[in-house]
Amino acid sequence: MMKFQGSHILSVSQFDRESVARILDVAKRMIPYASRQKRCNVLEGAILNNLFFEPSTRTRVSFGTAFQLLGGFVHETVGQESSSLTKGESLFDTARVISGYADIVAMRHPAMHSVAEFAEGSTVPVINGGDGANEHPTQALLDLFTIEAEMNRFNKNIDDLNIVLMGDLKHGRTVHSLSKLLSLYNNIHLTLVSPKELQMPDHVVSALDNAGHKVTITDSMVGNLQSDVLYQTRIQEERFASKGEADMYRGHFSLNKSVYEQHCKDNTVIMHPLPRDSRPEANELDVDLNDNNNLAIFRQAQNGVLVRMALFALALGVEDKLSQYEREVTWFSSKGN
Ligand code: NCD
């Protein structure tokens, strides 16, 4: 198992199966605190610097929420234009300075491997919140947490699952990280549905092949969506040379009630890292599925708080002190009580 305390979390390649199990286990222990049934100020006095140099809603806010739920203080920097990176400062120098102001950093940046470059200069643990089209390790962990939780309803676990990943598999960092994590499990059948030009990168497919999983690559939904989990993605418009180029691929694999009923199993669980592109020309995941109990997208987003709380606790070495710092809530929350 990896040593968590003091470590950066940059890529899912750092994890073995035991380390993932440890993270998911600590995440489950966060449920009472995340739902505000109990308080746990184990990180009181600690500072998170949330550095987001690319748009984000869920990832940034859930990192911040997770840290605050453990009693810490969050400092936010949003957008490159508000930092000295626009004055030519290197990521190394920015990291050396910022890490002097914080105990841990969560960072998102549009360039591949930029978070690792930043981590070189940091004196505190750095967590990758997405580096360009490369990786999104915390999303993959929350996706795995969600798959495990959803499959529990059907008495299944991650081994032996049939999983479809659909959409922009070339640029989607969430599906890159998730596929690599899944390769740690046994006997998965992964079906990769995308336009030919937006196929999963070879190195990710090889990792799955080498681990003995069955991989089907296709550009057709017909006959290919009979899975336990269908993970839909957005065309990553910001990674194309022009909006016009991205437009060519929008709307190809739209999932709606009629497609679901025609092509999926009765209980195929639908996931999506969000945001879903709801503009009519894209509409990759129609709101007419909102009432389907197998639509797990909002439970999935919620699980992000638990997993990020777990990563903070592990990286700062307080995961075994949770119960010691636990106390009753002092106000009544209609959500938690
Ligand atoms: C994803 C991302 O930023 O990679 N969003 C997220 O973090 N939940 C997916 C996307 O933007 O399409």
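So, how was this worked out
- Residues numbered from 1 in each chain as written.
- Predicted model: local features only at pLDDT ≥ 70, side-chain atom pairs only at ≥ 80, totals over all residues.
- Heavy atoms only, no water.
- Helix = DSSP H or I, 4+ residues; strand = E, 2+ residues; numbered from the N terminus.
- Expected span 1.5 Å × (residues − 1).
- Buried < 20%, exposed > 50% of the residue type's maximum accessible area, 1.4 Å probe, protein only.
- Near = heavy atom within 4 Å.
- Polar contact = N/O pair within 3.5 Å; in protein donor to acceptor, adjacent residues only side chain to side chain.
- Areas by Shrake-Rupley, 256 points an atom, 1.4 Å probe, with all protein chains shown as cover.
- Nonpolar A, V, L, I, M, F, W, Y, C, P; charged D, E, K, R; others polar.
- Domains from an automatic or database assignment.
- Contact = heavy atoms within 4.5 Å.
- Buried area = accessible area lost by both parts, 1.4 Å probe.
- Salt bridge = Lys/Arg side-chain N within 4 Å of Asp/Glu carboxyl O.
- Pairing = 2+ DSSP bridges.
- Axes fitted to C-alpha atoms, helices over the stretch in contact; angles between N-to-C directions.

1. Points about helix H3 (residues 58-69)
Residues that lie three or four places apart on an α-helix share one face, since the helix turns once every 3.6 residues. Under the 1.5 Å per step criterion, the end-to-end length of H3 is 16 Å for 12 residues, consistent within 8% with the ideal 16 Å. Of all the residues in H3, the buried ones are Thr59, Ser62, Phe63, Gly64, Ala66, Phe67 and Leu69. Where H3 ends, the next residue or the one after it, Gly71, has phi of about 90 degrees, a positive value.

2. Brief notes about the site of the ligand
Around the ligand, the neighbouring residues are Thr59, Arg108, His136, Gln139, Arg173, Thr174, Arg234, Gln236, Pro273, Leu274 and Pro275. His136 is positioned such that a nitrogen or oxygen atom in its side chain is 2.8 Å from an oxygen atom of the ligand. Gln139 places a side-chain nitrogen or oxygen 3.2 Å from a nitrogen atom of the ligand. About the coverage of the ligand: the protein hides 94% of its 320 Å² of free accessible area. When its residues are assigned to classes, the shell around the ligand shows three nonpolar, five polar and three charged.

3. Things to note about the domain arrangement of the protein
The domain boundaries assigned to the protein delineate domain 1 (12-135 + 304-328) and domain 2 (137-298). Placing a centre on the C-alpha atoms of domain 1 and another on those of domain 2 gives a separation of 25 Å. Counting residues at the interface gives 29 residues for domain 1, matched by 23 residues for domain 2. Between domain 1 and domain 2, a total of about 2200 Å² is buried, with carbon and sulfur atoms accounting for 62% of that surface. The interface formed by domain 1 and domain 2 contains five salt bridges. At the surface where domain 1 touches domain 2, the tally comes to 11 residue pairs in polar contact (both at pLDDT 80 or more). Residue assignment for the side of domain 1 that touches domain 2 shows that the elements contributing at least two residues are helix H1 (17-29), H3, strand S4 (104-109), strand S5 (126-131) and helix H11 (297-315). Looking at the side of domain 1 that touches domain 2 element by element, the count peaks at six residues for H1. Of the residues that constitute the side of domain 1 that touches domain 2, the class distribution is 13 nonpolar, seven polar and nine charged.

4. Here's the deal with the sheet that holds strand S2 (residues 47-52)
On the basis of which strands lie adjacent, the open sheet formed by four strands has the order S3-S2-S4-S5 and parallel pairing. Among the strands making up the open sheet, the edge pair consists of strand S3 (73-78) and S5. Direction aside, the axes of adjacent strands within the sheet are offset by 10 degrees on average. Here five bridges tie S2 to S4, and the two strands are oriented parallel to one another. Looking across to S4, one finds that Leu51 is bridged to Met107.

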